[in-house]
Amino acid sequence: MSRVYNFSAGPSMLPEAVLAKAAAEMLDYEGSGQSVMEMSHRSKVYQCIIDGAEALLREVMNIPDNYKVLFLQGGASTQFAMVPMNLMTGNGKADYIITGQWANKAYKEAARYGNARAVASSADKTYSYIPETKREDFDTEADYVHICMNNTIYGTKYAQLPDVGDIPLVADISSCIASEPLDVSKFVLLYAGAQKNLAPAGLTIVIVREDFLGKAMDITPTMLNYVTHAENGSMFNTPPCYTIYVCKLVLEWIKNEMGGLEKMKAHNEAKAALLYNFLDNSKLFKGTVEKNSRSLMNIPFITGNEELDAKFVKEATAAGFVNLKGHRSVGGMRASIYNAMPMEGVEALVAFMQKFEEENA
Ligand SMILES: *Cc1c(COP(=O)(O)O)cnc(C)c1O
């Protein structure tokens, strides 16, 4: 068996130890005589799995007790509608910062349900930076401010949160969840598709402050009302059972193997620094993001020559470095180095890039 280094933006690499554990438990989960894929979500043994996943997420992310953790389906994209339907109900207004395609999709969806306003945007430079905002830029009557914390396609991340005063803050953390410590209490709602950093596809995690529940618009479908899921322990209907199980294994790995989010952050910073340092000193490759907006998770880069970019992607793929092609909207290359990408993977990539640079100088 030979495994590649997978730099996919999502779904993405899972820790090998997690895959091995899932494989070992595939036919007979803890003496139950069945796979987690097959068991009733109403069984005692499954209840332990979902409870364990929630408890671990709370512990690893240090989630305060006055927040609900919801395990949902529909991807982060469904949250683009759920957030306004559930929260844009005080004054019917919300402020959005447009830092890329996902943030823009969230904004456009919100505009269908109320008065959504784009406060700032970095579209002028292909979203290669996080726009600066001041407290006065935000509407004090807004029901919330929405940001996308880590911009997967462009490789930008908020170095610090915008100052929004007393306005509730909502963030899409799909591509940075559990990559480093985050002060959950700064937000009223966080959401993430789990397929980047925590699990296979099919699970969406929502972390919502309890006092922001129960405000949904009358038109809100039952399945899109957070209360429905909060009141039923994410079991109003069948949850994505197997994905939640793998999420639990990944959280165990973060806690026990990686040593928690402080250590995870140090590990991610070391990996990113290796690649950024190489890019900053390379004569062929260069990063595309302003230095103070750089992501730890997604690192886009180019040679400046589209043909050479294509040649690089082709040769890298053949050498076992897969999914390095940039998003179709921006071109170039992008290395997504989520939690599960080992340091050796980044070291090997940098060595390969160095060799490519010498051969194509
Ligand atoms: C991948 C991604 C999305 C879309 O997630 P889906 O689960 O496919 O709907 C939204 N926001 C960000 C930041 C992402 O990285």
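Structure: above.
A short tour of the structure in this document, coming up. (Residues numbered from 1 in each chain as written. Predicted model: local features only at pLDDT ≥ 70, side-chain atom pairs only at ≥ 80, totals over all residues. Heavy atoms only, no water.)

Around the ligand sit 13 residues, and of these S77, T152, D172, Q195 and K196 come closest. Contact between the ligand and T152: an oxygen atom at 2.4 Å from a side-chain N or O atom of the residue. Compared with its free state, where it exposes 390 Å², the ligand has 87% of that area covered by protein. The biggest single contributor to the shell around the ligand is helix α3 (residues 75-87), with 4 residues. Tallied by class, residues from the shell around the ligand come to 4 nonpolar, 7 polar and 2 charged. (Near = heavy atom within 4 Å. Polar contact = N/O pair within 3.5 Å; in protein donor to acceptor, adjacent residues only side chain to side chain. Areas by Shrake-Rupley, 256 points an atom, 1.4 Å probe, with all protein chains shown as cover. Helix = DSSP H or I, 4+ residues; strand = E, 2+ residues; numbered from the N terminus. Nonpolar A, V, L, I, M, F, W, Y, C, P; charged D, E, K, R; others polar.)

Core analysis: the largest hydrophobic core is formed by 61 residues, its most contacted members being L198 and I254. Apart from the residues lying within four places of it in its own chain, the contact partners of L198 are L14, L57, I177, A178, I205, V246, C247, V250, L251 and I254. With 32 residues, the next largest nonpolar core counts V313, A335, I337 and F352 among its residues. (Core = buried A, V, L, I, M, F, W, Y, C linked by side-chain atoms within 4.5 Å. Buried < 20%, exposed > 50% of the residue type's maximum accessible area, 1.4 Å probe, protein only. Contact = heavy atoms within 4.5 Å.)

This brings us to the packing of aromatic side chains. Applying the stated rule across the entire model yields 17 aromatic pairs. Arranged with centres 6.2 Å apart and planes meeting at 15°, the rings of Y5 and F321 form a pair that is stacked. One end of the pair, Y5, is in strand β1 (residues 5-6); the other, F321, is in strand β13 (residues 321-322), with 316 residues separating them in the sequence. Note on Y5: relative accessible area 26%, which makes it partly exposed. For the ring pair F312 and F352, a centre distance of 5.8 Å and an interplane angle of 50° mean the geometry is tilted. Note that F312 is positioned in helix α8 (residues 306-318) and F352 in helix α9 (residues 343-359), a separation of 40 residues in sequence. Take F312: its relative accessible area is 0%, and that puts it in the buried class. Overall, the relative accessible area of 11% leaves F352 in the buried class. (Phe/Tyr/Trp six-rings, centres within 6.5 Å; stacked < 30°, edge-to-face > 60°.)

Counted according to the given criterion, the structure contains 20 salt bridges. For E54, the salt bridge identified is with R58, shortest N-O distance 2.9 Å. Of this pair, E54 and R58 both sit in helix α2 (residues 44-61), separated by 4 residues, roughly a single helical turn. E54 sits in the partly exposed class, given a relative accessible area of 25%. The salt bridge involving E359 is made with K355; its shortest N-O contact spans 3.7 Å. With E359 and K355 both in helix α9, this residue pair falls 4 residues apart, about one helical turn. Look at K355 and you get partly exposed, because its relative accessible area is 43%. Shared partners join several salt bridges into a network, and the residues in it are K93, D139 and E141. (Salt bridge = Lys/Arg side-chain N within 4 Å of Asp/Glu carboxyl O.)

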